[in-house]
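# Observations on chain architecture
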Amino acid sequence: MLAPDQKPQHYDETDIVDEAIISRRSVRAFLPTPVEDSVIRDILDVAARAPSGTNMQPWKVYVTSGETLRGIGDAILNSGVRAEKAVWDEYKYYPDQFFEPYLGRRRANGFGLYGVLGIGRRDVDRMRAQHDRNFVFFDAPVGMIFTIDRRLNQGSWIDYGMFLQNIMIAARARGLHTCPQAAFAPYHRQIRPVLGIPEEEVVVCGMALGHEDTSKPESTFRTDRAPLDEWVQFLK
């Protein structure tokens, strides 16, 4: 976000909202700087203004830090279940078989991230180590786990996505960064006892929250977006 003395005179509400959206990135390196509980509460309170069908508000959030946050990582990393062997038995995030244009976008993302980290395409051990950083929330001081009642249907999952986006935008408005992390979902058996999550709740994802560590190479990584004309039709 721009500092107040950097904002031009025409900097209005449109610029402020657009800047928060455009500057949102999946940050994978955080400083240990604490985030006050009051700030986290403010972010979640604002985010809960997300729309949901008949105002059902299907989200539930477990906010962790300190020993509890570390306990999640310990439970997963000591489970012996490698990411490539983890079973997505609660829901499937990705298709069984990737296809274009999604395959190309996925590859570009992976190669781009590993490229700035100096990880070669055959360097499996370093790829695994980088993936495992998900489970320590990329060193963020705050890690959130999101769940949803398993009796709810796909419409509520759509609502949930809008809530998650609101969190990330509200965080940017406060000078903070995030990383949404589906990687936690197949490890719900390891996470449940740490957080006391009941069986009627499905682990949707996690999210790291904190101040970006701009000294790390992964903080230089940027993704692109497909041109508008590839995915929009204006019909009159």
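Everything below is about the structure shown above.
Not measured: the values here are computed from a predicted model. (Residues numbered from 1 in each chain as written. Predicted model: local features only at pLDDT ≥ 70, side-chain atom pairs only at ≥ 80, totals over all residues. Heavy atoms only, no water.)

What follows deals with the packing of aromatic side chains. Going through the model one piece at a time under the given rule, you end up with 13 aromatic pairs. Taken together, a centroid distance of 5.3 Å and an interplanar angle of 90 degrees make the contact between Phe-99 and Tyr-102 edge-to-face. Residue classification places Phe-99 among the partly exposed positions, given a relative accessible area of 47%. On the basis of relative accessibility, which here comes to 44%, the residue Tyr-102 falls in the partly exposed class. Ring centres of Phe-135 and Tyr-187 lie 5.1 Å apart, and the angle between their planes is 70 degrees; this geometry places the pair in the edge-to-face category. Here Phe-135 is found in the loop between α5 (124–132) and β2 (142–149), whereas its partner Tyr-187 is found in the loop between β3 (177–181) and α7 (188–195), with 52 residues between them in sequence. (Phe/Tyr/Trp six-rings, centres within 6.5 Å; stacked < 30°, edge-to-face > 60°. Buried < 20%, exposed > 50% of the residue type's maximum accessible area, 1.4 Å probe, protein only. Helix = DSSP H or I, 4+ residues; strand = E, 2+ residues; numbered from the N terminus.)

The terminal C-alpha atoms of helix α3 (residues 66–77) lie 17 Å apart, and with 12 residues this matches the ideal 16 Å at 1.5 Å per residue to within 8%. The complete set of buried residues in α3 reads Leu-69, Gly-71, Ile-72, Gly-73 and Ile-76. As for α3, its buried residues are in contact with β1 (60–64), β2 and α7. (Expected span 1.5 Å × (residues − 1). Contact = heavy atoms within 4.5 Å.)

With that settled, consider the sheet that holds β1. Taking strand neighbours across the sheet as the criterion, the 4 strands line up as β1-β2-β4-β3 in an open arrangement whose pairing is antiparallel. The open sheet has two edge strands with one neighbour each: β1 and β3. Averaged over neighbouring strand pairs, the angle between their axes works out to 25 degrees when direction is ignored. With 8 bridges joining them, β2 and strand β4 (residues 201–210) adopt antiparallel strand pairing. (Pairing = 2+ DSSP bridges. Axes fitted to C-alpha atoms, helices over the stretch in contact; angles between N-to-C directions.)

With that settled, consider the pairing of β2. A large share of β2 lies buried, amounting to 7 of its 8 residues. Bridge count between β1 and β2: 5 bridges; the pairing is antiparallel. Directly across from Thr-64, in β2, lies its bridge partner Gly-143.

The biggest cluster of nonpolar side chains holds 27 residues, and the ones touching the most others in it are Met-144, Phe-146, Tyr-160, Phe-163, Ile-167 and Leu-209. Of all the elements in the fold, those that place two or more residues in this core are α2 (37–47), β2, α6 (154–173) and β4. Here this core takes 7 residues from α6, the largest share from any one element. Apart from the residues lying within four places of it in its own chain, the contact partners of Ile-167 are Ile-43, Leu-44, Ala-47, Met-144, Phe-146 and Met-207. Among the nonpolar cores identified, the runner-up in size contains 21 residues, and Ile-72, Phe-137, Phe-138 and Phe-184 belong to it. (Core = buried A, V, L, I, M, F, W, Y, C linked by side-chain atoms within 4.5 Å.)

Okay, the pattern of salt bridges next. This structure, assessed with the given rule, holds 12 salt bridges. Ionic pairing is found between Glu-84 and Arg-128, a salt bridge with its closest N-O pair at 2.5 Å. Of the two residues, Glu-84 is situated in the loop between α3 and α4 (102–117) and Arg-128 in helix α5; the sequence distance between them amounts to 44 residues. Sharing partners across several salt bridges, the network here consists of Glu-90, Arg-150, Arg-192 and Glu-199. (Salt bridge = Lys/Arg side-chain N within 4 Å of Asp/Glu carboxyl O.)

In this fold, His-188 is placed in helix α7. For His-188, a relative accessible area of 4% translates into the label buried. If sequence neighbours within four positions are ignored, His-188 has contacts with Asp-89, Glu-90 and Val-203.

Taken together, Val-17, Ile-21 and Ile-22 make up a surface patch of nonpolar side chains, about 290 Å² in accessible area. Structurally, Ile-22 is set in helix α1 (residues 13–22). (Patch = residues over 30% accessible without salt bridge, like charges linked within 9 Å, V, L, I, M, F, W, Y side chains within 5 Å. Areas by Shrake-Rupley, 256 points an atom, 1.4 Å probe, with all protein chains shown as cover.)

Below, the discussion takes up the packing of α2 against α6. Across the interface, α2 lies against α6 with an axial gap of 8 Å and an inter-helix angle of 135 degrees. In terms of axis orientation, α2 runs oblique to α6. Crossing handedness for the pair α2 and α6: right-handed. Facing Ile-43, Leu-44, Val-46 and Ala-47 of α2, the residues of α6 in contact are Phe-163, Asn-166, Ile-167, Ala-170 and Ala-171. Of the residues belonging to the contact of α2 with α6, the class tally is 8 nonpolar, 1 polar and no charged. (Parallel < 35°, antiparallel > 145°, perpendicular 65-115°, else oblique. Left-handed = near helix turned anticlockwise from the far one by under 90°. Nonpolar A, V, L, I, M, F, W, Y, C, P; charged D, E, K, R; others polar.)

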